[in-house]
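Tertiary structure, described
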Amino acid sequence: MIKVENVHKRYGLRKILNGVSFTAEKGQITCLIGINGAGKSSLLHAIMGLTPIHGGHIAIDGQPLGTAGYERIAFVPDHLTMPPGMRINEAMRFMEDFYKGWNMARANDLLRFFGLESTERLGNMSKGTAAKFSLMLGLGQDTDYILMDEPFSGIDLFSREKITEVFSSELIEGRGVLFTTHEIAEMERLMDKAVLIQDGKIIRSFDCEAVRYQEGKSVLDVMREVYQS
Amino acid sequence: MENEWDSVAFNSRDPVYLQVVRYFKEQIATGKLQAGQVIPSRRELGAMMKINPNTAQKAYKEMEEQQLIVTEGNSPSRITGDGAVLRTIRSELIGEAVDAFVGSVRKVKVPIDELLDLVRTKYMEEMNRQSGSDEGGTNHD
Amino acid sequence: MKRYLKLVHMEVHRFRYLMLFLMGVILIFQVGAIISVLSRELSQRWDDPTYNGVRSPFVPEGMLSFTWVISNTNFWFAVPMLISVAVIGLYVFFVWYREWLGRSTFIYRLLMLPGARCQIYLAKLTAILIFVFSLVSYQLLLLPLQKLLFQMMVPAEWRVDSYWPEVIHANRALDLLIPRNIEQFLSIYGLGIMAVLIIFTGILLERSYRRIGILYGLLYVVGNAIVALYLPDLLGLGLPGTYLYPDEIVGLVVGVCLLLLVLSVVFGFRLLANKITV
């Protein structure tokens, strides 16, 4: 379980996170929903230890992340995480060199699944290819958790369908997935849990099937209610 | 077969797992899934219907509880062979549809004979059109 | 350790073309200068056998030495070296900033590598040192080759042999680059390394605190520079009435510099571990 407890963060004088608390379970798909600037990316960065927090606690399975934690939790940001001069196969070898949990066989499967060319230079990739490549790097690691920041942003329809398939595949089975997206209509039937964030605060966190069952509401319905009130 | 699974349109306000269960019931009622037929694994179902593996799991659990499917040991799940259960599914589906229909048509206050005639004509038209387009589809292939 | 070496290897791999370019520049400038100085001298000698441009008390009348060539190419040796120094100076910044710039933000991956983050810092430092010392050893390797060129161009009857210390001393740039003793080595390369470490920490301050971090970083660098450069004055040493010997003052300065160096490294490690932001 990823447990975020009363986390505060600011950039300069601006408050980005203002007492955020929520959990994301292992074996579940949790979606972090909010308008731009609500603090979603900062929250993912904070969980990954990529930016300091100014209060609160974050624990992965009861422990602080620590540098060994990067073998247990993978992050797919909406940026490339490798130098532009590298080729895809070089990046894969880099991952193999540095991560014990890198699964080269699976990475090669993903390469074929996404239709990536292993000799392509990262600097030349289109936005859609880059997103698939980043996802390949994240899923190629055997980790308990995987975090994704906007895996669909600025991507063509067909790439988006390919990436959506990942969410209903064995690739994420048993893992804890925490991701952010604006494509709620497309993704809502794929998520177990939705966490709504606004102005650096969690305003609602719920089990999607339970809300549909008990209230007959879609995730979008809940969002409309919450953000328009 | 796979194309059919793929094209299931989910609505966003009912629990996805119940929609999956309902889809199975429809397939059983129309004879597309036979008694005792092996069904896809949870994992395969998740991938085919593009749903979360947990939802697929939950749907299977629900179907097991309703005794729609049976799983023995490590062998794959099958549609139940229990005739009584299968018949209930059919009547349940028809009952539900009729309930919904009656619920909305009642407001118009149509005399029952006129209504039944209308239903008969419409239903025949719809069936003819469907079988026509089905044949057209197969001819085309 | 294995991770550190891999990171170093990668850093070296990334600057290899830049280094080869600088090596090319050095080669072209220096060999070009040697050829032009020698051919001018030689052609005048062929035209007028009594001509002698060499004025040196150590070389017999009418003879040419490699030392003379080197002392006449001072400027053309210094130019590529200054270019190299400038490039390396910029590279000290670039080695960090490029991880954040552009669409490929490698800093995400670097920070997410399992293992202590100080390895990233050390790998970058090592890369800079490898860069510097590769160029210095390249220059050392180039000198015998240039001497060979001299021997090939000048007929044996006009040649006098020269000693290496003499050759190096004949060129101000080489004299600085290739220290003759440990004190000189420490004062040039030690100060250089210290400057790199202080700048590294300044950069990490900026990368951690961003806008206000620019101020922190500048203050840190300037503060360190003042302490390092004016330390004897700050301590009131060197004035009449102090009771320390020059050796002791040097020792004190070296000690304080070492302290600053260690502090910079530790501070840098801490920033990288706890304060850095992607």
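Residues numbered from 1 in each chain as written. Chains lettered and ligands numbered in written order. Predicted model: local features only at pLDDT ≥ 70, side-chain atom pairs only at ≥ 80, totals over all residues. Heavy atoms only, no water.

**Some details on the UniProt feature "domain: ABC transporter" (unreviewed entry) in chain A**
Our working rule: UniProt positions are given in the numbering used here, feature names are shortened, and annotations may be inferred rather than shown by experiment. Secondary structure follows DSSP: runs of H or I at least 4 residues long count as helices, runs of E at least 2 residues long count as strands, and numbering of each begins at the N terminus.
In the numbering used here, UniProt assigns the feature "domain: ABC transporter" (unreviewed entry) to residues 2-224 of chain A. The span residues 2-224 of chain A is 32% helix and 26% strand, and its two end C-alpha atoms sit 27 Å from each other.

**A short note on helix H3 (residues 74-97) of chain C**
Residues and elements named next belong to chain C. Just so we agree on the cut-off: Expected helix span is computed as 1.5 Å times (number of residues minus one). The angle separating two fitted axes, one through the seven residues that finish at a residue and one through the seven that start at it, defines the bend at that residue. Whether a residue is buried, partly exposed or exposed follows from its accessible area with a 1.4 Å probe, protein chains only, as a fraction of its type maximum: under 20%, in between, or over 50%, in that order.
Across its 24 residues, H3 extends 35 Å between first and last C-alpha, which sits within 8% of the 34 Å expected from 1.5 Å per residue. Along H3, the sharpest change in direction is near 30° and occurs at Tyr-91. Among the residues of H3, Phe-77, Val-79, Pro-80, Met-81, Ser-84, Ile-88, Tyr-91, Val-92, Val-95 and Trp-96 are the ones counted as buried.

**Looking at the layout of surface pockets**
Residue and element names in this part refer to chain C. Under the convention used in this document: Definitions used throughout: a 1 Å grid over protein atoms alone; a cavity as a set of points that fits a 1.4 Å probe which cannot get out; a pocket as an open set with protein on both sides within 12 Å along at least five of seven lines; a lining residue as one with an atom within 4 Å of a point. Grid points are joined across faces, edges and corners, and a volume is the space filled by probe spheres set on the points. Basically, the charged four are Asp, Glu, Lys and Arg, the nonpolar ten are Ala, Val, Leu, Ile, Met, Phe, Trp, Tyr, Cys and Pro, and anything else, Gly included, counts as polar. Domain start and stop points were drawn from an automatic or database domain assignment.
In this structure, the largest pocket spans a volume of roughly 750 Å³. Val-85, Ile-88, Val-132, Leu-177 and Tyr-189 are, among the 27 residues lining the largest pocket, the residues nearest its centre. Of the residues belonging to the lining of the largest pocket, the class tally is 23 nonpolar, four polar and no charged. Counting residues domain by domain, the lining of the largest pocket receives three or more from each of domain 1 (1-178) and domain 2 (180-278).

**Some words on the domain arrangement of chain C**
Residue and element names in this part refer to chain C. Definition in use: Contacts: residue pairs with any heavy atoms within 4.5 Å of one another. Note on terms: buried area is the combined drop in 1.4 Å-probe accessible area of two parts once they are placed together, counting the loss on both. Every case where a carboxyl oxygen of Asp or Glu lies within 4 Å of a side-chain nitrogen of Lys or Arg is listed as a salt bridge.
For chain C, the assigned domains are domain 1 (1-178) and domain 2 (180-278). Computed over C-alpha atoms only, the centres of domain 1 and domain 2 are separated by 27 Å. With 26 residues of domain 1 in contact, the opposing surface of domain 2 contributes 25 residues. The junction of domain 1 with domain 2 conceals about 2,200 Å² of combined surface from both sides, 77% of it contributed by carbon and sulfur atoms. Linking domain 1 with domain 2 are one salt bridge, by the criterion used here. The closest approach of N and O atoms between Asp-175 and Arg-180, which form a salt bridge, is 3.5 Å. If you list the elements that add at least two residues to the side of domain 1 that touches domain 2, you get H3, helix H4 (106-111), helix H5 (118-153) and helix H7 (172-177). It is H5 that contributes the most residues to the side of domain 1 that touches domain 2, eleven residues altogether. Residue composition of the side of domain 1 that touches domain 2, by class: 22 nonpolar, one polar and three charged.

**A look at the interface of chain C and chain A**
As a reminder of what qualifies: Each polar contact in these results corresponds to two N or O atoms within 3.5 Å; when the atoms are within protein, one needs to be able to donate a hydrogen and the other to accept it, and residues that are neighboring in sequence are counted only if both atoms are side-chain atoms.
Taken residue by residue, the interface counts 23 residues in chain C and 31 residues in chain A. Buried surface at the junction of chain C and chain A, both sides included, amounts to about 2,400 Å², of which 59% is carbon and sulfur. Contact with chain A buries area across many residues of chain C, yet C:Arg103, C:Arg109 and C:Met112 alone supply 29% of it, more than any other trio. Across the chain C-chain A interface, the total number found is zero salt bridges. Viewed at the interface, chain A and chain C are joined by 13 residue pairs in polar contact (both at pLDDT 80 or more). Mapped onto the side of chain C that touches chain A, the elements with two or more residues apiece are helix H1 (2-47), H4 and helix H9 (246-275) of chain C. Ranked by residues supplied to the side of chain C that touches chain A, first place goes to H1(C) with five residues. For the side of chain C that touches chain A, the residue count by class is eleven nonpolar, five polar and seven charged.

**A short note on the packing of aromatic side chains**
Residue and element names in this part refer to chain C. As a reminder of what qualifies: Only Phe, Tyr and Trp rings take part, Trp by its six-membered ring, and two of them pair if their centres are within 6.5 Å. Stacked means planes under 30 degrees apart, edge-to-face means over 60, and tilted covers everything else.
Enumeration over the complete set of coordinates arrives at 24 aromatic pairs over all chains. Ring geometry for Phe-66 versus Trp-164: centroids 6.1 Å apart, planes at 85°, classification edge-to-face. Note that Phe-66 is positioned in helix H2 (residues 66-71) and Trp-164 in helix H6 (residues 164-169), a separation of 98 residues in sequence. An angle of 75° between the planes, with centres 5.5 Å apart, marks the rings of Tyr-91 and Phe-131 as edge-to-face. You can see Tyr-91 sitting in helix H3 and its partner Phe-131 sitting in helix H5, a full 40 residues away along the chain. You can call Phe-131 buried: its relative accessible area is 0%. Through pairs of rings, three or more aromatic residues link up here, namely Phe-15, Tyr-91, Phe-94 and Phe-131.

**Re a positive patch on the surface**
What counts, and what does not: Residues form patches when they are more than 30% accessible in relative terms and have no salt bridge. Like charges link within 9 Å. Nonpolar side chains (Val, Leu, Ile, Met, Phe, Trp, Tyr) link within 5 Å. Here the accessible surface of atoms and residues is derived via Shrake-Rupley with a 1.4 Å probe, and residues count as covered only by protein chains that are part of the display. Within this scheme the basic residues Lys and Arg register as positive and the acidic residues Asp and Glu register as negative, but His and the chain ends are omitted. Here the site of a charge means atom NZ of a Lys, CZ of an Arg, CG of an Asp or CD of a Glu.
Among the surface-exposed residues, A:Arg10, A:Lys15, A:Lys201, C:Arg270 and C:Lys275 lie close enough to one another that they form a single positively charged patch. Relative to the helices and strands, C:Lys275 is located in helix H9. Judged by its relative accessible area of 32%, C:Lys275 falls in the partly exposed class.

**Topic: the UniProt feature "transmembrane region" (unreviewed entry) in chain C**
Residues and elements named next belong to chain C. The positions that UniProt labels "transmembrane region" (unreviewed entry) are, in the present scheme, residues 20-39, 75-97, 118-141, 186-205, 212-231 and 251-273. Secondary structure across residues 20-39 divides into 100% helix and 0% strand, with the first and last C-alpha atoms of the span separated by 28 Å. Annotation note: span residues 75-97, helix share 100%, strand share 0%, distance between end C-alpha atoms 33 Å.

**Some points on helix H2 (residues 16-29) of chain B**
All names here are of chain B. The terminal C-alpha atoms of H2, which comprises 14 residues, lie 20 Å apart, in line with the 20 Å expected from a rise of 1.5 Å per residue. Counted residue by residue, H2 has ten buried out of 14 residues, so it is predominantly covered. Buried within H2 are the following residues: Val-16, Tyr-17, Gln-19, Val-20, Val-21, Tyr-23, Phe-24, Lys-25, Gln-27 and Ile-28.

**Thoughts on the pairing of strand S6 (residues 145-149) of chain A**
Residue and element names in this part refer to chain A. The test is simple: Any two strands with at least two DSSP-identified bridges between them are counted as paired. Handedness rule for crossovers: strands pointing away from the viewer, path from the first strand over the helix to the second running clockwise, crossover right-handed.
In terms of residue burial, S6 counts as a mostly covered element, since five of its five residues are buried. Here four bridges tie strand S5 (residues 73-76) to S6, and the two strands are oriented parallel to one another. Opposite Val-76, over in S6, you have Met-148 as the bridge partner. Sheet analysis places S6 next to strand S7 (residues 176-180), joined by five bridges and oriented parallel. Considered in S7, the bridge of Ile-146 is made with Val-177. Since S6 and S7 lie parallel, the crossover through helix H5 (residues 157-167) that links them has a hand, and here it is right-handed.

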